[in-house]
Amino acid sequence: MAINMKQLASGTITNAVATYYTAASAVKARIDAFTVTNYSGSAATVTIWLVPTGGTAGDTNIIVKARSIAAGASGRILEAIGQTLEGGGTIQMQASANSAITIAVSGIEQTAV
């Protein structure tokens, strides 16, 4: 078994639901840190889903719904810490505005040897 610490996702999220991380087929991933930052001049919201293999973002896998992040503020997404994704599982997100919210997600990926 190999365990690799890595940044799972980073960048600016859009106002459309999109995938920002997909666990490889032979991997089990665990989220250890999840930060969002609103670098715009207005408050914006973020919605986050942890979607299992073959699933779609929806009410059954939402972990944060339209959380408001004040202009210039950062926050940790504690609901994500310790959550796991099996191979093919995804982290999907949506912001209320384009070019407002950036993310940094790190954790581990465990693969069978």
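Residues numbered from 1 in each chain as written. Predicted model: local features only at pLDDT ≥ 70, side-chain atom pairs only at ≥ 80, totals over all residues. Heavy atoms only, no water.

> Let's hear about the sheet that holds strand 5 (residues 62-69): which residues, and what values?
Taken in spatial order, the four strands of this open sheet run 2-8-4-5, and their pairing is antiparallel. Unpaired on one side and paired on the other, strand 2 (18-22) and strand 5 mark the two borders of the sheet. Pairwise comparison of adjacent strand axes, ignoring direction, gives a mean angle of 20° for this sheet. Judged from the five bridges that link them, strand 4 (residues 44-51) and strand 5 form a sheet pairing that is antiparallel. Along strand 5, the bridge assignment pairs Ile48 with Val64. (Pairing = 2+ DSSP bridges. Helix = DSSP H or I, 4+ residues; strand = E, 2+ residues; numbered from the N terminus. Axes fitted to C-alpha atoms, helices over the stretch in contact; angles between N-to-C directions.)

> Now, about the nonpolar core: what can you tell me, with residues and values included?
Counting 27 residues, the largest nonpolar core has Tyr21, Phe34 and Ile91 as its most contacted members. Elements with a minimum of two residues in this core: strand 1 (2-12), strand 2, strand 3 (27-38), strand 4, strand 5, strand 8 (90-95) and strand 9 (101-111). The element contributing the most residues to this core is strand 3, with five residues. When near neighbours in sequence (up to four residues on either side) are disregarded, Phe34 contacts Ile48, Gly75, Arg76, Ile77, Ala80, Ile81, Ile91, Met93, Ala104 and Val105. (Core = buried A, V, L, I, M, F, W, Y, C linked by side-chain atoms within 4.5 Å. Buried < 20%, exposed > 50% of the residue type's maximum accessible area, 1.4 Å probe, protein only. Contact = heavy atoms within 4.5 Å.)

> Break down the environment of Thr37 for me, with residues and values.
Of note, Thr37 is situated in strand 3. Not counting the four nearest positions on each side in its chain, Thr37 is found in contact with Ala73, Ser74, Ala100, Ile101 and Thr102. A polar contact of 2.9 Å, which involves the side chain of Thr37, links it to the side chain of Ser74. (Polar contact = N/O pair within 3.5 Å; in protein donor to acceptor, adjacent residues only side chain to side chain.)

By themselves, these figures tell us nothing about what the structure is for.
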